[in-house]
Amino acid sequence: MAALGWLTPRRRSATARSVLAGEASAEAARKSTQETRPAGEPAFPVLGDDRAAAFFDLDNTVMQGAALFHFGRGLYKRKFFETRDLVRFAWQQAWFRLAGIEDPEHMQEARDSALSIVKGHRVSELQSIGEEIYDEYMAERIWPGTRALAQAHLDAGQKVWLVTAAPVEIAQVIARRLGLTGALGTVAESVDGVYTGRLVGEPLHGPAKAEAVRALAAAENLDLSRCAAYSDSHNDIPMLSLVGHPYAINPDSKLRKHARELEWRLRDYRTGRKAAKVGIPAAAGVGAVAGGTAAAIALHRRRR
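Here the structure is a predicted model, which is why all the values come from computation and not from measurement.

## Structural notes on the overall build of the chain
Step number 1: Each helix and strand counted, the chain has 13 helices and eight strands in total.
Step number 2: Looking at the chain as a whole, 51% of its 304 residues are labelled buried.
Step number 3: Long-range pairs, those at least 24 residues apart, make up 70% of the contacts in the chain between residues at least 6 apart in sequence.
Step number 4: Of the roughly 14400 Å² of accessible surface on the chain, a fraction of 53% belongs to carbon and sulfur atoms.

Written out as structure tokens, the structure reads:
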């Protein structure tokens, strides 16, 4: 249990970090609105441009940390899995955070384990739980600076979509709570409202995100050259490269370098030198899981 205590954030320190991050983010957002545009540069987003939209990655872009980690905490609280699994998941999250890479074998193992956990559960059950967990763990972890960017697009009359490898049910809850248009996410197969333990297609990660944005743009009659996209991860370079207005938000080192080379706009709402140097991976492979849920826990369940 001592190890578990070390891996589980204490309420006091978590609250202090949240307050500090929130204040710093709000200040950054306030200052960004005061920036003077170079002569001749048009206002952005463009008011009334209904062929423009904005696409936001979720983990570490809109929300501090991985949505699925927070969701996993909620599932653990509701006894969806055991303490040993939580410890293993927390260790894996720490490894992702320090290494800054996603191992394909680990990701596949995580997906298989997560899908097995939601198999047999009703979609409506996980959607309801998702609403509760948002209030418990996620609401206070929304980056104010990124939220302000999304609101600017909404205020300009544009649609705003989350695009994430997280289960689509989780993404839809978050989008609805933030007042966004909707969400693109990984879809888990269900039959008669019950999860089968299989995905529909593949996780919405990397190039798959770009394809989803391209398909949505075609369906919505959007001009991608007038659209914006926001992400923290180099894995989302394909999506960022699709649009005329790419933004690197709280970028990892690879995306920061790429963004500087291409002169993309950059915003960093994190505090501390370490945060600026090391982006927390979106655990996208982990996120690519089970319907409205299980991906929540990129953990290897004990084989029986």
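## Topic: the pattern of salt bridges
Step number 1: Evaluated as defined, the whole model comprises 16 salt bridges.
Step number 2: Across the pair Asp268 and Arg270 runs a salt bridge, and its minimum N-O distance is 2.7 Å.
Step number 3: Residue Asp268 is classed as partly exposed on the basis of its relative accessible area of 24%.
Step number 4: Taking the relative accessible area as the measure of exposure, Arg270 reaches 16% and is therefore buried.
Step number 5: Among the charged side chains, a salt-bridge network with shared partners connects Lys77, Arg78, Glu132 and Glu136.

## Some details on the packing of helix α6 (residues 123-138) against helix α8 (residues 168-178)
Step number 1: It is the contact of α6 with α8, at a shortest axis distance of 9 Å, that shows an interaxial angle of 50 degrees. Judged by the angle between their axes, α6 and α8 are oblique. Handedness of the α6/α8 crossing: right-handed. Facing α6, whose interface residues are Val123, Gln127, Gly130, Glu131, Tyr134, Asp135 and Met138, α8 presents Glu169, Ile170, Val173, Ile174, Arg176, Arg177 and Leu178.
Step number 2: Per-class residue counts for the contact of α6 with α8 are seven nonpolar, two polar and five charged.

## What about the nonpolar core?
Inside soluble globular proteins, nonpolar side chains tend to come together where they are buried.
Step number 1: Ranked by internal contacts, the top residues of the largest apolar core, which has 42 residues, are Phe56, Phe71, Met138, Leu162, Ile174 and Tyr230.
Step number 2: In terms of residues, this core owes the most to one element, α6, which gives seven residues.
Step number 3: For Ile174, the residues in contact, after removing those within four places along its chain, are Leu58, Met63, Ala67, Tyr134, Met138 and Leu162.
Step number 4: Grouped together as the second largest cluster of nonpolar side chains are 25 residues, Leu222, Leu240, Ala248 and Leu255 included.

## Topic: unusual backbone geometry
Step number 1: The phi torsion at Asn60 lies on the positive side, around 65 degrees, for a residue other than glycine.
Step number 2: Inspection of the secondary structure puts Asn60 in the loop between β1 (53-56) and α3 (67-77).
Step number 3: Taking the relative accessible area as the measure of exposure, Asn60 reaches 6% and is therefore buried.
Step number 4: Unlike most non-glycine residues, Asn221 shows phi in positive territory, near 60 degrees.
Step number 5: Looking at the secondary structure, you find Asn221 in the loop between α9 (207-220) and β6 (228-231).

## Considerations on the sheet that holds β1
Step number 1: A sheet is described by the order of its strands in space; here six strands give the open sequence β3-β2-β1-β6-β7-β8, paired in parallel fashion. Pairing within the sheet leaves two strands with one partner each, and these edge strands are β3 (182-186) and β8 (265-267). Here the strands of the sheet are splayed against their neighbours by 20 degrees on average, with no regard to which way each runs.
Step number 2: When β6 meets strand β7 (residues 245-249), the two strands line up parallel, connected through four bridges. The partner of Ala228 across the bridge, within β7, is His245.
Step number 3: On the sheet, α8 packs against β2 (159-167) and β3 and is oriented at approximately 145 degrees with respect to β2.
Step number 4: The strands that α9 touches are β1, β2 and β3; relative to β2, the one it contacts most, it runs at about 145 degrees.

Each value, and the rule that gives it
- Residues numbered from 1 in each chain as written.
- Predicted model: local features only at pLDDT ≥ 70, side-chain atom pairs only at ≥ 80, totals over all residues.
- Heavy atoms only, no water.
- Helix = DSSP H or I, 4+ residues; strand = E, 2+ residues; numbered from the N terminus.
- Buried < 20%, exposed > 50% of the residue type's maximum accessible area, 1.4 Å probe, protein only.
- Contact = heavy atoms within 4.5 Å.
- Areas by Shrake-Rupley, 256 points an atom, 1.4 Å probe, with all protein chains shown as cover.
- Salt bridge = Lys/Arg side-chain N within 4 Å of Asp/Glu carboxyl O.
- Axes fitted to C-alpha atoms, helices over the stretch in contact; angles between N-to-C directions.
- Parallel < 35°, antiparallel > 145°, perpendicular 65-115°, else oblique.
- Left-handed = near helix turned anticlockwise from the far one by under 90°.
- Nonpolar A, V, L, I, M, F, W, Y, C, P; charged D, E, K, R; others polar.
- Core = buried A, V, L, I, M, F, W, Y, C linked by side-chain atoms within 4.5 Å.
- Pairing = 2+ DSSP bridges.

Read these as geometric descriptors, not functional statements.
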